[in-house]
Amino acid sequence: VRERAQGDLLARFQEAWDELAEIGRNPEGGYDRFAWTEADRQMRAWFSRAAAERNMTLEQDRNGNLWAWWGEPGDGAIVTGSHLDSVPGGGAFDGPLGVVGSFLAVDELRSRHEESPPRAVAVVDFSDEEGARFGVACVGSRLMTGELDPDRARRLVDESGVTLAEAMRSAGVDDKLLGPDEARLSAITTYVELHIEQGRALADFDAPVGVATAIWPHGRWRLRFKGEANHAGTARLQDRHDPMLVFAAVVTAAREAAARHQCLATVGKALVHPNATNGVASSLQAWLDARAPDAETLNSVITEVRAAAEASANEQGVEFECYQESVTAAVSFNSDLRRRIVTLLGGVPEIPTGAGHDAGILSERIPTAMVFARNPTGVSHSPAERSSVEDCLAGVRALAVILEDLVWG
Ligand code: GLV
Ligand code: MN
Ligand code: MN
């Protein structure tokens, strides 16, 4: 372990990155690493190996999150980590940077400290952070805090009708055990997550790393439009019940409402049935993602989009239904911890984000903090997402400084 830890940080970062590079990679160069799929299994197997190589004790908790322990698990643990799943066509960094970076930060600390740490340090891989397959984001951390009801979680279904319970079972997780994990939560003193920046503020600050201040409240809504299948070449326009028209109205209404309220609303996913070129669609499902600086603005946007959808649905004789899949309240990261970290790192920029994170879910219960590594592209949830190796390593070193202070300070 010691030899490994003393090896060159850059070489070890690249080694880990190469090990992950082909897992779940699609032909466009993006990553499809959805929860409880083969790609996810391989990512989790990598996590197990990373723990074993370091003689860290591996544990899978009741909600399928993976933990690698340095030191005796017990009260007062300091936890760091992120997630290894991805959105469809995701980038390489969102998630994996935090997990790889956590193992490397632990290596840094082990190269400096002969003895076991006075309080345990754990690296965690939260399961199903993106919610790409079953619709709800941060499933592992939400189950752990009790924010997601285990019965509801078990019944979530993917596009092929597989339930989350079945998917977890086939991956070797006993879904009967899902649920709040109070003992585990109360044994954690602090959680720190390293993550790629998902905008381009740090490039403007000319800073390799920054610290998160807050997460905007955000949510996901599933929209269903039911019309009537018909012949594209014969059905008169006035006789049609075309759900695609209502969908188009919703997409435009979301964009306009977001611009009016200076927030964000996106329709990034839609499923058309039966998806024929020469037919009026019979039904359509779409997902609306909306994020705003405060809950009131978020509500206004959703209300306005729904009103536009209902008006268009009436006009077209289409049935419309809107179901809230998840909503996450505003997160303000613990200010004492944040100040401590900013001071430790010598006054790095502090920036808010519109992206959701397990750190945001845990912040309801324990002090949490996030460190961002600069992403000059400003692009995320895309293969274009990028952080230079130097900035990734700046993130790892920052994480090591923070953990050292939290464990030994
Ligand atoms: C997670 O990355 C989210 O904000 O959707
Ligand atoms: Mn993400
Ligand atoms: Mn992420």
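Residues numbered from 1 in each chain as written. Chains lettered and ligands numbered in written order. Predicted model: local features only at pLDDT ≥ 70, side-chain atom pairs only at ≥ 80, totals over all residues. Heavy atoms only, no water.

Quick look at the environment of Ala-308
Mapped onto the secondary structure, Ala-308 falls in helix 11 (residues 295–316). The spatial distance from the C-alpha of Ala-308 to the C-alpha of Gly-210 is 39 Å, given a sequence separation of 98 residues. (Helix = DSSP H or I, 4+ residues; strand = E, 2+ residues; numbered from the N terminus.)

Describing the sheet that holds strand 12 (residues 319–328)
With antiparallel pairing, four strands are arranged side by side in an open sheet as 9-11-7-12. The open sheet is flanked by strand 9 (264–273) and strand 12, the only strands paired with a single partner. With strand direction ignored, the average angle separating the axes of adjacent strands in the sheet is 15 degrees. Of the pairings in the sheet, the one linking strand 7 (residues 218–226) to strand 11 (residues 283–291) comprises nine bridges and is antiparallel in character. The residue of strand 11 that forms the bridge with Gly-219 is Ala-290. Across the face of the sheet, helix 10 (residues 243–261) comes into contact with strand 7, strand 9 and strand 11 while running at roughly 170 degrees to strand 9. (Pairing = 2+ DSSP bridges. Axes fitted to C-alpha atoms, helices over the stretch in contact; angles between N-to-C directions. Contact = heavy atoms within 4.5 Å.)

Quick word on the coordination of the manganese ion (ligand 3)
Within the first shell, the manganese ion (ligand 3) binds the protein through His-83 (NE2), Asp-94 (OD) and His-195 (NE2), at distances of 2.0 to 2.2 Å. Summarised as a motif, the one-chain spacing of the donors to the manganese ion (ligand 3) is H-x10-D-x100-H. Between the manganese ion (ligand 3) and the manganese ion (ligand 2), the interatomic distance is 3.6 Å, and Asp-94 donates to each metal, bridging them. Here His-83 is found in strand 3 (residues 77–83), whereas its partner Asp-94 is found in the loop between strand 3 and helix 4 (96–112), with eleven residues between them in sequence. Judged on exposure class, the residue His-83 and its partner Asp-94 are both buried. (Donors = N, O, S within 2.8 Å, 3.2 Å for Na, K, Ca; no water. Buried < 20%, exposed > 50% of the residue type's maximum accessible area, 1.4 Å probe, protein only.)

What to know about the site of ligand 1
Around ligand 1 sit Glu-130, Arg-220, Arg-291, Ala-355, Gly-356 and His-381, and that is every residue in its neighbourhood. Within the backbone of Gly-356, a nitrogen or oxygen atom sits 2.6 Å from an oxygen atom of ligand 1. When ligand 1 is considered free in solution it has 200 Å² of accessible area, and contact with the protein chains removes 93% of it. In the shell around ligand 1, the residues fall into one nonpolar, two polar and three charged. (Near = heavy atom within 4 Å. Polar contact = N/O pair within 3.5 Å; in protein donor to acceptor, adjacent residues only side chain to side chain. Areas by Shrake-Rupley, 256 points an atom, 1.4 Å probe, with all protein chains shown as cover. Nonpolar A, V, L, I, M, F, W, Y, C, P; charged D, E, K, R; others polar.)

Some thoughts on empty space enclosed by the protein
According to the stated counting rule, one finds two cavities of 30 Å³ or more in the structure shown. Put simply, the second largest cavity is a space of about 30 Å³. As for the second largest cavity, its lining consists of Ser-86, Val-87, Gly-90, Gly-91, Asp-94, Glu-130, His-381 and Glu-385. Of the residues contributing to the lining of the second largest cavity, the split by class is one nonpolar, four polar and three charged. (1 Å grid on protein atoms, 1.4 Å probe; cavity = no way out; pocket = protein on both sides within 12 Å on 5 of 7 lines; lining within 4 Å. Points joined across faces, edges and corners; volume = space filled by probe spheres on them.)

Topic: the pattern of salt bridges
One pass over the full model with this rule turns up 27 salt bridges. Where Asp-336 meets Arg-339, a salt bridge forms, and the shortest distance between an N and an O atom there is 3.1 Å. Remark: Arg-339 and Asp-336 occur in helix 12 (residues 335–344); sequence separation between them is three residues, near one turn of the helix. One exposure class covers both Asp-336 and Arg-339, and it is exposed. (Salt bridge = Lys/Arg side-chain N within 4 Å of Asp/Glu carboxyl O.)

Quick look at the coordination of the manganese ion (ligand 2)
Ligation of the manganese ion (ligand 2) by protein atoms is provided by Asp-94 (OD), Glu-130 (OE), Glu-130 (OE) and His-381 (NE2), these donors lying 2.0 to 2.8 Å from the ion. Binding-site remark: the manganese ion (ligand 2) is held by donors from one chain whose sequence spacing is D-x35-E-x250-H. For Glu-130, a relative accessible area of 6% translates into the label buried. Note on His-381: relative accessible area 39%, which makes it partly exposed.

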